[in-house]
Amino acid sequence: MNALSSYAVLNVPGPTSFQPLRFVKGITYATFRSACQALNLLENGRHWDNERALLAAKIKDVYELINIVQSNIQSKAVTYKSVDTVEEADEAVNYPTEFLHSLDLPGIPSHVHQLKIGVPIIMLRNINQPKLCHATRFAVKKINNVVEATILTGSFTGEDVLIPRIPMIPTDMPYQFKRL
């Protein structure tokens, strides 16, 4: 008896394309979104964009999905790089800046980010409740030293806000490290 014989293998037929999801009342729509609008499932176009989230098991998959979303937005990309430092000046010799830049930690954004005008972003920390709080979604409006964005969700929907760089300090490291 081999190792595979103890497992049941099921072949469940399923759809081979998403075309049936775009077929409504005898018309094949170009996108699933337009099919939903034809069925009056969306109140307006804003609900489609601001109530979605990307979920992935691995951070590399998240970055790949971000790149796909950004490639569909026709605006110039601006590259942001973090400022990484250790809290104790004596530790700077043991943990050079290049090493700190290379760290990809859970809950901490990566060292290099690219943003485009129109890209949806989400707040990771509470800054100024209730307006700038965890899980608030925004659309990038202007990119400078701070990001100007329009709030997409909550009671402040439609308001423009400025989002500064936020210091992130992981607590599960053997040394005190700050990413700004």
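Presented here is a report on the structure given in the accompanying data block. (Residues numbered from 1 in each chain as written. Predicted model: local features only at pLDDT ≥ 70, side-chain atom pairs only at ≥ 80, totals over all residues. Heavy atoms only, no water.)

## Looking at the overall build of the protein
Next, step 1: Counting secondary structure elements, the protein contains four helices and 10 strands.
Next, step 2: N-terminal to C-terminal, the α/β element order of the protein is β-β-α-α-α-β-β-α-β-β-β-β-β-β.
Next, step 3: Here the protein holds 180 residues, and 24% of them are scored as buried.
Next, step 4: Considering only contacts within the protein whose residues lie at least 6 apart along the sequence, 47% involve residues at least 24 apart.
Next, step 5: Carbon and sulfur atoms make up 57% of the accessible area of the protein, which totals about 12,900 Å². (Helix = DSSP H or I, 4+ residues; strand = E, 2+ residues; numbered from the N terminus. Buried < 20%, exposed > 50% of the residue type's maximum accessible area, 1.4 Å probe, protein only. Contact = heavy atoms within 4.5 Å. Areas by Shrake-Rupley, 256 points an atom, 1.4 Å probe, with all protein chains shown as cover.)

## Digging into the environment of Asp160
Next, step 1: Within the element layout of this structure, Asp160 appears in strand 9 (residues 160–163).
Next, step 2: Accessibility expressed as a relative area gives 37% for Asp160, which makes it partly exposed.
Next, step 3: Separated by 11 residues in sequence, Asp160 and Ala149 have C-alpha atoms that sit 5.5 Å apart.
Next, step 4: Look past the residues within four positions of Asp160 in its chain and what remains in contact with it is Lys141, Glu148, Ala149 and Thr150.
Next, step 5: Only 2.3 Å separates the side chain of Asp160 from the side chain of Lys141, close enough to count as a polar contact.
Next, step 6: At a separation of 2.7 Å, a polar atom in the side chain of Asp160 contacts the side chain of Thr150. (Polar contact = N/O pair within 3.5 Å; in protein donor to acceptor, adjacent residues only side chain to side chain.)

## What about the packing of aromatic side chains?
Next, step 1: In the structure shown here, the tally under the stated rule is two aromatic pairs.
Next, step 2: Taking 6.1 Å as the distance between ring centres and 35° as the angle between the ring planes, the aromatic pair formed by Tyr95 and Phe99 counts as tilted.
Next, step 3: A residue is classified by how much of its surface remains accessible, and Tyr95, at 21% relative accessible area, is partly exposed.
Next, step 4: Seen in terms of ring centroids, Tyr95 and Tyr175 are 3.8 Å apart; in terms of plane orientation they differ by 25°. Their pairing is stacked. With Tyr95 in the loop between strand 4 (84–86) and helix 4 (97–102) and Tyr175 in the loop between strand 9 and strand 10 (177–179), this residue pair connects regions lying 80 residues apart in the sequence.
Next, step 5: Through a chain of ring-to-ring contacts, the aromatic side chains of Tyr95, Phe99 and Tyr175 assemble into a single cluster. (Phe/Tyr/Trp six-rings, centres within 6.5 Å; stacked < 30°, edge-to-face > 60°.)

## Digging into the nonpolar core
Next, step 1: Of all hydrophobic cores here, the largest spans 12 residues; its members are Tyr80, Leu115, Met123, Leu132, Phe138, Val140, Ile143, Val147, Ala149, Ile151, Val161 and Ile163.
Next, step 2: Elements that contribute at least two residues to this core include exactly strand 7 (137–143), strand 8 (147–151) and strand 9.
Next, step 3: Setting aside chain neighbours within four positions, we find Ile143 in contact with Val78, Tyr80, Leu115, Lys116 and Ile117.
Next, step 4: With nine residues, the next largest nonpolar core counts Val86, Leu105, Ile108 and Tyr175 among its residues. (Core = buried A, V, L, I, M, F, W, Y, C linked by side-chain atoms within 4.5 Å.)

## Here we look at unusual backbone geometry
Next, step 1: A positive phi angle, near 75°, is found at Ala135, a position not held by glycine.
Next, step 2: Among the secondary structure elements, Ala135 is positioned in the loop between strand 6 (120–122) and strand 7.

## Quick notes on the pairing of strand 9
Next, step 1: Only one face of strand 9 is covered, namely the face carrying Val161 and Ile163; the face carrying Asp160 and Leu162 is uncovered.
Next, step 2: Pairing geometry for strand 8 and strand 9, over four bridges, is antiparallel. The partner of Thr150 across the bridge, within strand 9, is Asp160. (Pairing = 2+ DSSP bridges.)

## A short note on the pattern of salt bridges
Next, step 1: Under the definition given, this model contains three salt bridges.
Next, step 2: The salt bridge involving Asp84 is made with Arg179; its shortest N-O contact spans 2.8 Å. Taken together, the residues span a long stretch of sequence, with Asp84 in strand 4 and Arg179 in strand 10 at a distance of 95 residues. You'll find Asp84 and Arg179 in the same group, each marked buried. (Salt bridge = Lys/Arg side-chain N within 4 Å of Asp/Glu carboxyl O.)

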